[in-house]
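Residue strings, one per chain:
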Amino acid sequence: MSWRDEIRRPSFRGVPFKIEANTRFGGRRGFTYEFAKSERSLDEDLGRRVTRVAVSAYLIGDDCLDQADALEAALGREGGGMLVLPTMGQAVMRCDTFQRVETKDAGGLVRFEMSFVRSQIGGSSPAPGDNTQASSQQSATTLADAAELSANKPSSWKGTT
Amino acid sequence: MTFSQRRRAIAALKAVVTALQAAGGPGTGQASADLRRLCGALSAEAGDAIQAGEFGTPLRACFEAAVTAGATLDGMDRVRTVAQAVSDDDLSVQWIAQTAARLALAMTVRILATTTFTSRQDIEAAQVRVNAAFASAEDFAAGQFDNEVWRALTSAHAAVVRDLTARARPLPRIVPYAFGTRMPLLTLANRLFGDAGRADELLAENRDTVHPLFMPAAGRALSA
């Protein structure tokens, strides 16, 4: 399977764009100790660095402004969104910064310089909580039904407690 | 059913219906009128309805009407207390009392689900009341081997506790405050919250205020 079969259409939060270059940054955080007058040094590993992605994208065509507005809106929405890159997979990322560049001599072309950071908030917004009030209402109705049903069965109410 | 059982059952039903009518309040709207009509009809035909074993449906209609007419948690609690205060060990009398108590619990759950709480203490107080209210009804249903009602009771109990706990979490607590001197209400609100617009809230928490210009030097306020 050639790498061409792996290519996917890039998009963020479902809004498509075209890609000129994309870069992923990773690594590990750490602290390096260098001791005065010593031949030794010490390196301390402080865990994995958060994944960042920088994307140089562009939108082209007669409706490039509409496409660019849609992308800008998607980038500005709260929370993380699904970022799909052509060959570097997909992940839930939050747009850290973006620059929308339109130049005079490249009409009909909108460039986006975007940087993303990996977001732990899955999806786009915090998960909606259960509607406990509705389920409480529901169970109240069930209880009233059961009480009514039981009241309509005189045979089970004979004798003493 | 003997005459004596019937007489005691009618008394229990009438007591419940009277409490229910009081719980609905002396409202003037259509909902209150409906409540009074339903309660009156059931009260008038209490004997026949009990003898025929057909009081369940009209009694439930009365309870639903009371909630629509704006019955409060306190009012519904009083109805439940009246129903549970029937200490007759004859099952045909408990039939009315327990049905009323179960319906009152269902309506309590419904009222709690629509109540908006402002502080965690309010919710905790409601939770304590609900727990106490459910306990004896659950015991009775379990003792009677009434599986369906027992299950409905426990699941309603669980649902309301879960709802109250979930809604208590984001609410502020009520905490005491104390200053060296008495302050006017607006100054106090500004001092505590940085927002004099929340003065009314502060007044609602401190019922013993004599005059809003001289708020008690020590009182209670929401923590956020």
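Residues numbered from 1 in each chain as written. Chains lettered and ligands numbered in written order. Predicted model: local features only at pLDDT ≥ 70, side-chain atom pairs only at ≥ 80, totals over all residues. Heavy atoms only, no water.

(A) Quick look at the overall build of chain B. Helix and strand content of chain B: ten helices and two strands. Within chain B, the proportion of its 224 residues that are buried is 48%. A total accessible area of about 10700 Å² is found for chain B, and carbon and sulfur atoms account for 56% of it. (Helix = DSSP H or I, 4+ residues; strand = E, 2+ residues; numbered from the N terminus. Buried < 20%, exposed > 50% of the residue type's maximum accessible area, 1.4 Å probe, protein only. Areas by Shrake-Rupley, 256 points an atom, 1.4 Å probe, with all protein chains shown as cover.)

(B) Highlighting unusual backbone geometry. Residue and element names in this part refer to chain A. Non-glycine residue Arg-13 carries a positive phi angle of around 50°. Relative to the elements of secondary structure, Arg-13 occurs in the loop between β1 (11–12) and β2 (15–16). Look at Lys-37: it is not a glycine, yet its phi comes out positive at around 60°.

(C) Main features of the layout of surface pockets. Roughly 180 Å³ of volume is contained in the largest pocket. Contributing to the lining of the largest pocket are A:Pro154, A:Trp157, A:Lys158, A:Gly159, B:Met1, B:Gln5, B:Ile50, B:Gln51, B:Asp90, B:Ser92 and B:Trp95. Of all the secondary structure elements, the ones that give two or more residues to the lining of the largest pocket are α3 (46–52) and α6 (91–114) of chain B. Grouping the constituent residues of the lining of the largest pocket by class yields five nonpolar, four polar and two charged. (1 Å grid on protein atoms, 1.4 Å probe; cavity = no way out; pocket = protein on both sides within 12 Å on 5 of 7 lines; lining within 4 Å. Points joined across faces, edges and corners; volume = space filled by probe spheres on them. Nonpolar A, V, L, I, M, F, W, Y, C, P; charged D, E, K, R; others polar.)

(D) Broad picture of helix α7 (residues 120–143) of chain B. Over its 24 residues, α7(B) runs 35 Å from end to end, which matches the ideal 34 Å to within 8%, given 1.5 Å per residue. Among the residues of α7(B), B:Ile123, B:Ala126, B:Gln127, B:Val130, B:Ala133, B:Phe134, B:Ala137, B:Glu138, B:Phe140 and B:Ala141 are the ones counted as buried. Looking at the buried side of α7(B), the elements it contacts are α2 (132–151) of chain A together with α5 (73–84), α6 and α8 (147–168) of chain B. Two residues or fewer past α7(B), B:Phe145 is found with a positive phi of approximately 60°. (Expected span 1.5 Å × (residues − 1). Contact = heavy atoms within 4.5 Å.)

(E) Summary view of the packing of α2(A) against α8(B). Following both chains from N to C, one finds α2(A) and α8(B) inclined at 160°, their axes separated by 8 Å at the closest point. Viewed along their axes, α2(A) and α8(B) adopt a mutual orientation that is roughly antiparallel. Relative to α8(B), α2(A) is oriented so that their crossing is left-handed. Residues A:Thr132, A:Gln133, A:Ser135, A:Ser136, A:Ser139, A:Thr142, A:Leu143, A:Ala146, A:Leu149 and A:Ser150 of α2(A) lie in contact with α8(B), whose contacting residues are B:Glu148, B:Val149, B:Ala152, B:Leu153, B:Ser155, B:Ala156, B:Ala159, B:Val160, B:Arg162, B:Asp163, B:Ala166 and B:Arg167. A per-class count over the contact of α2(A) with α8(B) returns ten nonpolar, eight polar and four charged. (Axes fitted to C-alpha atoms, helices over the stretch in contact; angles between N-to-C directions. Parallel < 35°, antiparallel > 145°, perpendicular 65-115°, else oblique. Left-handed = near helix turned anticlockwise from the far one by under 90°.)

(F) Just helix α1 (residues 3–23) of chain B, in detail. Residue and element names in this part refer to chain B. Its 21 residues place the ends of α1 30 Å apart at the C-alpha level, agreeing with the 30 Å of an ideal helix rising 1.5 Å per residue. Those residues of α1 lying buried are Gln-5, Ala-9, Ile-10, Ala-12, Leu-13, Val-16, Val-17, Ala-19, Leu-20 and Ala-23. Of the surrounding elements, those touching the buried residues of α1 are α2 (30–44), α3, α4 (56–68), α5 and α6.

(G) Region of the structure containing the packing of α6(B) against α8(B). Residue and element names in this part refer to chain B. At a closest axis distance of 10 Å, the pairing of α6 and α8 adopts a crossing angle of 20°. Between α6 and α8, the angle falls in the class roughly parallel. Like other packed secondary-structure pairs, α6 and α8 cross with a definite hand, here left-handed. Only Val-149, Leu-153, Ala-156, Val-160, Asp-163, Leu-164 and Arg-167 of α8 make contact with α6, whose side of the interface consists of Arg-102, Leu-105, Val-109, Leu-112 and Ala-113.

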